[in-house]
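Examining the three-dimensional arrangement
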Amino acid sequence: MPSKNEHLSPRSLTDSLISTEAGQSSTVKWQKLALLALGAGLGVTETGEADAQDAGAANDAASVSLPAVKVHGQTDTAAPEQTNTNNTTLDIGRMPDTVRETPQIISVVPKALIEQQRLFTLDQALANVPGITMSTGEGNGGLNGDQFRIRGQQARGDIYEDGLRDFGTYVRDTFNTESVEVVKGPSGEYFGAGNVGGVINQTLKKAHLGNHYALDQSIGSGMQYRGSADVNYQLGKHTALRVNGMYNKQDVTDRNNVRSDRYGVAADLGFGLGTKTTYHLNYQWLGSRGTPDYGVPMIQIGNTYTPITEHGLNRNTTYTRSFDRDNSNIHMVTSKFATEIAKWLTLSNDTRFSHYHRDYAATNPSACSGTCASSFLAGGNPSLAYGAGGGAAYQQDGWGIQNVMMTRSKFDTWFLKHDLRAGVDINYTKDDRIMGTYVNRTNNQTIRNPYYSSPGTYITWPSSGHRTADFRDLGLFLADKIHLTKKLSIFGTFRWDSYKSTYWSAAAASSGTQAQSSNKFSPSASIMYDITKDATVYFTFARSYKPVGTDVSSQITNQASVGDVAVNGRDLKPQRSDLFEVGSKLDFFNKRLGVTGALFQINQNNSYTYDDDGSIITGFQDAGTGRRIRGVELSATGKITQAWDIYATYAYMGGKVTNSATMYGNQAPQLPHNTFSVWSTYNLSHMVLRAGQGTLKAGGGAQYSSGYWANEANTARMPYNFSLNGIVSYDYGRYHVQFNANNLTNHLNYGSAFSSSRAVPMSGRTFMGSFGLNF
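Take the overall build of the protein chain next. Scanning the protein chain from terminus to terminus reveals 9 helices and 42 strands. For the protein chain, the proportion of its 775 residues judged to be buried stands at 55%. On the protein chain, roughly 31,000 Å² of surface is accessible, and the fraction owed to carbon and sulfur atoms is 58%.

Here it is in structure tokens:
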């Protein structure tokens, strides 16, 4: 018999089988040969067979024990890759099982797209998702990292991994990510306080049965050097360990003195794999050493501000200085347990502990207007003052813990079929921060040739700069999907959150600890009708609340009086967001191609807060107003033919400002009207290669988002973004070679904007070559 991990050809297996079974009847021989052929065709493995036979089949006197069969290039449990994102399994117990079953638009960036486009950070992955914009520097201009808006709504604290909060503000790497899912629209019924625009979830890589080893090295423009390793090793019949590692050293292309170096390690230990009781223990560390890029000034021409790089400033120009830094260490431990108590009852418990440290200093350019604008447009090199006091510096330490315990039961009452989920969600986050004071810093530069070196500048950390904030949230949730008939079902969710946040600042110590509390219900209701087994239509209503203080890790900045913080003696009512959505999810070509479409409206009010008299309290960026967002989203993902893959998404959104005496009726900010992303690859092997010579693929795509207003006053305008990208890849046996070209037209795109102050240019034309090894 071959060893467990020995690769055998069908010929050698057949010879072995015939020789070892020579003494048996020809009928038995042919039965075993047929089973062997079927197993080889399906990529059956020894471990997979053993799992399938656990329930008594192994004791059957007529059962057949076959030797291990491995298909070259597959892991022991490898399944055909699902490119139809409707098939995506949501590893979030309190949500429906798949995207197809969820009565709400969910955009998925699948594993194949992450690998083909070389998407190394979360913001790169989300460039494929329509309706998402970045807002660098939210919160008094003192922050950077991943800060997103979904359909124009803030999503600072709404980033999750495996359905649990990903605490902290930092640049997230995808080295330990299988896929990215974006739940569009209010999602408080699933995730609790906050989540008024939606949720961004990363599915973590997990241990699986079978052995698999992958190494990858990429070299790109900049220069950029990146290496990664992914090793999965089966320790026992139902136990495996998976370890991932990554390093990324990078000078950001077309941005002077901007670096993004990251290092990471992750390990997942899985028990009970392939059984009714599973447990995963996951540890992830991500370290980064980079330079925050706050972009270039907006320049005022007439009554409108636009990026100054649209008017002749070199796109390489940055205003970073030698003391700027963004150094972080993020540690995350995740525990996921699930067991099937009975055929109708399961229990799960998910827990996460995170600790994050950040050492941060940034330089913020301010807008160029008046004399500055006149001088620049005339070819001059005027002085540019820095905004936000020149830039923030702080040292941040925080931690968070979350536990979600849930039961799921399936049962019948009379003619009704129920799928009931109920549980408790508890999470707590604390953030400690010391704001730095600059010594010997000059708060201005010349626009065209700013200096970088600042040898005489340093930062002190006075006790008066200390501030701390925390929040705790206790959530009770209940969700039931009731099948009224085989085709018609209703889905209702009901969540109650008891929430409290506190804030203390040494600069306002006489005020003591400020506190705020809120107790709210977040309901949703849906009706779904299965027209056929491949076509579903639905209507959904959902409501979410966002109390004060949910973004403690990304909002407490360099002024005690500004930001989303608790204030004693004031009824700071939570922001509320209501979703109305009607849509359909369709599958074609035996579920190889998935199509979705939806019309939606989001009504948001109380964007920051009102005082006791009902007057709006002006916030920093969102100015205490409301929004009404209407739009349509369409997508098509999967295989058009066996050789042709497609990933296409489109969204149209229109919005206006509400609840404002001065800006009512203005267009909602940070909301491009039209966004689309198209990516397509074609397998050329049958056209240019002979059998056995490997797999050759070519493809490409485009990303576009129209211009938008960067502020509520509609005085700051961002131009459209467009990127044309291409790929060629070749696989031969264990080897993988790939070449990517991005932004082929060298269009000047922008990653984010902050009101009428600044915008961050992105890289122009870039290239990347990659080499991988899988075995």
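Read on for the rest.
The next thing to look at is the pairing of strand S34 (residues 674-683). Two elements, strand S33 (residues 644-658) and S34, share 9 bridges in a ladder whose sense is antiparallel. Bridge pairing in S34 links Thr 649 to Ser 677. Strand direction decides the pairing type here: S34 and strand S35 (residues 695-705), joined by 9 bridges, are antiparallel. By the bridge assignment for S35, Thr 675 is matched with Ser 705.

Our focus in this paragraph is the pattern of salt bridges. It is possible for side chains bearing opposite charge to pair when their charged atoms get close. Under the definition given, this model contains 37 salt bridges. The partner of Asp 359 in a salt bridge is Arg 325, with the nearest N and O atoms 3.1 Å apart. Residue Asp 359 is located in strand S17 (residues 345-361), and its partner Arg 325 is located in strand S16 (residues 325-342); the two are separated by 34 residues in the primary sequence. What makes Asp 359 buried here is its relative accessible area of 17%. A salt bridge links Arg 358 to Asp 326; its shortest N-O distance comes to 3.0 Å. On the criterion of sequence distance, the pair formed by Arg 358 in strand S17 and Asp 326 in strand S16 is long-range, its members being 32 residues apart. Of the two residues examined, Arg 358 and Asp 326, each falls in the buried class. Salt bridges sharing common partners tie together Arg 100, Lys 533, Asp 534, Asp 587 and Lys 591.

Attention shifts here to the sheet that holds strand S7 (residues 177-184). Here we have 5 strands laid out as an open sheet, ordered S1-S7-S8-S5-S6, and mixed in their pairing. Strands at the two margins of the open sheet, each flanked by one partner only, are strand S1 (106-109) and strand S6 (164-165). In this structure, strand S5 (residues 159-161) lies alongside S6, joined through 2 bridges in antiparallel fashion. Within S6, the residue paired with Tyr 160 across the bridge is Arg 165.

The subject of this paragraph is the state of the cysteines. A complete count under the given rule lists 1 disulfide for this structure. Each sulfur in the disulfide pair Cys 368 and Cys 372 lies 2.1 Å from the other. Judged by the torsion about the S-S bond (-110°), the Cys 368/Cys 372 disulfide is left-handed. According to the relative accessible area criterion, Cys 372 is buried, its value standing at 13%.

Below, the discussion takes up the side chain of Thr 291. With respect to the element layout, Thr 291 can be found in the loop between strand S13 (277-290) and strand S14 (296-301). For Thr 291, a relative accessible area of 16% gives the class buried. Excluding residues within four positions of it along the chain, Thr 291 makes contact with Asn 257, Val 258, Arg 259, Thr 320 and Asp 324.

Within the fold, Ser 228 resides in strand S10 (residues 224-236). The sequence separation of Ser 228 and Phe 175 amounts to 53 residues, and the corresponding C-alpha distance is 7.4 Å. Non-local contacts of Ser 228, meaning those with residues more than four positions away in its chain, are made with Ala 214, Leu 215, Asp 216, Gly 245 and Met 246.

Bringing a nonpolar patch on the surface into the picture now. A grouping of Val 231, Tyr 233, Leu 235, Leu 241, Val 243 and Val 265 is seen on the molecular surface, where their side chains present a nonpolar patch of about 440 Å² in accessible area. Broken down by secondary-structure element, the contributors of at least two residues to the nonpolar patch are S10 and strand S11 (239-250). A per-element tally of the nonpolar patch places S10 first, with 3 residues.

Let us look at the nonpolar core. Formed by 20 residues in total, the largest nonpolar core has its most connected members in Val 109, Leu 126, Phe 148 and Ile 200. Listing elements by their share of this core, those giving two or more residues are helix H4 (111-116), helix H5 (122-126), strand S2 (132-134), strand S3 (148-150) and S7. Considering every element that reaches this core, the biggest residue donor is H5, with 3 residues. Residues within four places of Ile 200 in sequence aside, it is in contact with Leu 122, Leu 126, Phe 148, Ile 150, Asp 158, Ile 159, Tyr 160, Val 180, Glu 181 and Val 182. Core analysis: the second largest hydrophobic core is formed by 17 residues, Ile 92, Tyr 160, Val 183 and Ala 479 among them.

As enumerated under the stated definition, the model contains 15 aromatic pairs in all. Aromatic side chains Tyr 190 and Phe 191 sit 6.3 Å apart centroid to centroid with 80° between the ring planes, which places their arrangement in the edge-to-face category. Residue classification places Phe 191 among the buried residues on the basis of a relative accessible area of 1%. Centre to centre, the rings of Phe 323 and Tyr 438 are 5.4 Å apart; their planes meet at 55°, and the pair counts as tilted. One end of the pair, Phe 323, is in the loop between strand S15 (304-307) and S16; the other, Tyr 438, is in strand S21 (residues 437-439), and 115 residues separate them in sequence. Each member of the pair, Phe 323 as well as Tyr 438, carries the same accessibility label: buried. What links up through ring pairs into an aromatic cluster is the set Tyr 160, Tyr 190 and Phe 191. Sitting over the face of the ring of Tyr 394, Arg 433 holds its NZ or CZ atom 4.4 Å from the ring centroid.

By the secondary structure assignment, Ser 526 is in strand S26 (residues 514-532). The class of Ser 526 is buried, set by a relative accessible area of 8%. As for Ser 526 and Glu 581, which are separated by 55 residues in sequence, their C-alpha atoms are 9.3 Å apart. Not counting residues up to four positions away in its chain, the partners in contact with Ser 526 are Pro 103, Ser 489, Ile 490, Phe 491, Phe 539 and Thr 540. Among the polar contacts listed, one links the side chain of Ser 526 to the side chain of Thr 540, at a separation of 2.8 Å.

All right, on to unusual backbone geometry then. In most cases, non-glycine residues show a negative phi, while peptide bonds are predominantly trans. Of the consecutive residues Gly 222 and Met 223, the connecting peptide bond is found in the cis state with omega at 10°. Positionally, Met 223 belongs in the loop between strand S9 (212-220) and S10. With a phi close to 55°, Asp 162 is a non-glycine residue in the positive phi region. For Asp 162, the location among the structural elements is in the loop between S5 and S6. Within the chain, Asn 590 stands out as a residue other than glycine whose phi angle is a positive 60°. Within the secondary structure layout, Asn 590 lies in the loop between strand S28 (575-588) and strand S29 (593-605).

Inspection of the secondary structure assignment puts Leu 586 in strand S28. The spatial distance from the C-alpha of Leu 586 to the C-alpha of Thr 596 is 6.2 Å, given a sequence separation of 10 residues. Every residue in contact with Leu 586, bar those within four places of it in the chain, is listed here: Asn 86, Asp 534, Ala 535, Thr 536, Leu 593, Gly 594 and Val 595.

Burial of the side chains of S1 extends over both faces: Ile 106 and Val 108 are buried on one face and Ser 107 and Val 109 on the other. Looking at chain direction, S1 and S7 are connected through 4 bridges and run antiparallel. Bridge assignment links Val 109 to a residue of S7, and that residue is Val 180.

Parameters at a glance
- The numbering scheme is per chain: residues are counted from 1 as the chain's sequence reads.
- Thresholds applied to this predicted model are a pLDDT of at least 70 for local features of residues and 80 or more for the giving and counting of side-chain atom pairs; totals over whole chains, interfaces and linings are not thresholded and use all residues.
- With hydrogens and water excluded, all non-hydrogen atoms of the structure serve as input to the side-chain values.
- Per the convention used, a helix needs a DSSP run of H or I reaching at least four residues, while a strand needs a run of E reaching at least two, with both numbered from the N terminus.
- Whether a residue is buried, partly exposed or exposed follows from its accessible area with a 1.4 Å probe, protein chains only, as a fraction of its type maximum: under 20%, in between, or over 50%, in that order.
- Surface accessibility in these figures is a Shrake-Rupley result with a 1.4 Å probe; residues are shielded only by whichever protein chains are displayed.
- Paired strands, as defined in this entry, are two strands with at least two bridges between them according to DSSP.
- Note on definitions: salt bridges are taken to be side-chain nitrogens of Lys or Arg within 4 Å of carboxyl oxygens of Asp or Glu.
- In what follows, a disulfide is any cysteine sulfur pair within 2.5 Å.
- Contact between two residues is taken to exist if any of their heavy atoms lie within 4.5 Å; hydrogens are not considered.
- A patch consists of residues exposed above 30% relative accessible area that lack any salt bridge, with like charges linked at up to 9 Å and nonpolar side chains (Val, Leu, Ile, Met, Phe, Trp, Tyr) linked at up to 5 Å.
- Residue types Ala, Val, Leu, Ile, Met, Phe, Trp, Tyr and Cys, when buried and joined through side-chain atoms within 4.5 Å, form a set referred to as a nonpolar core.
- Any two rings among Phe, Tyr and Trp, with Trp reduced to its six-membered ring, count as a pair given centres within 6.5 Å; such a pair is stacked if its planes are under 30 degrees apart, edge-to-face if over 60, and tilted if neither.
- Lysine NZ or arginine CZ positioned within 6 Å of the ring centre and within 35 degrees of the ring normal marks a charge as sitting over the ring.
- Side-chain atoms alone can form a polar contact between residues adjacent in sequence; in general such a contact is a pair of N or O atoms within 3.5 Å, and within protein one must be able to donate a hydrogen while the other accepts it.

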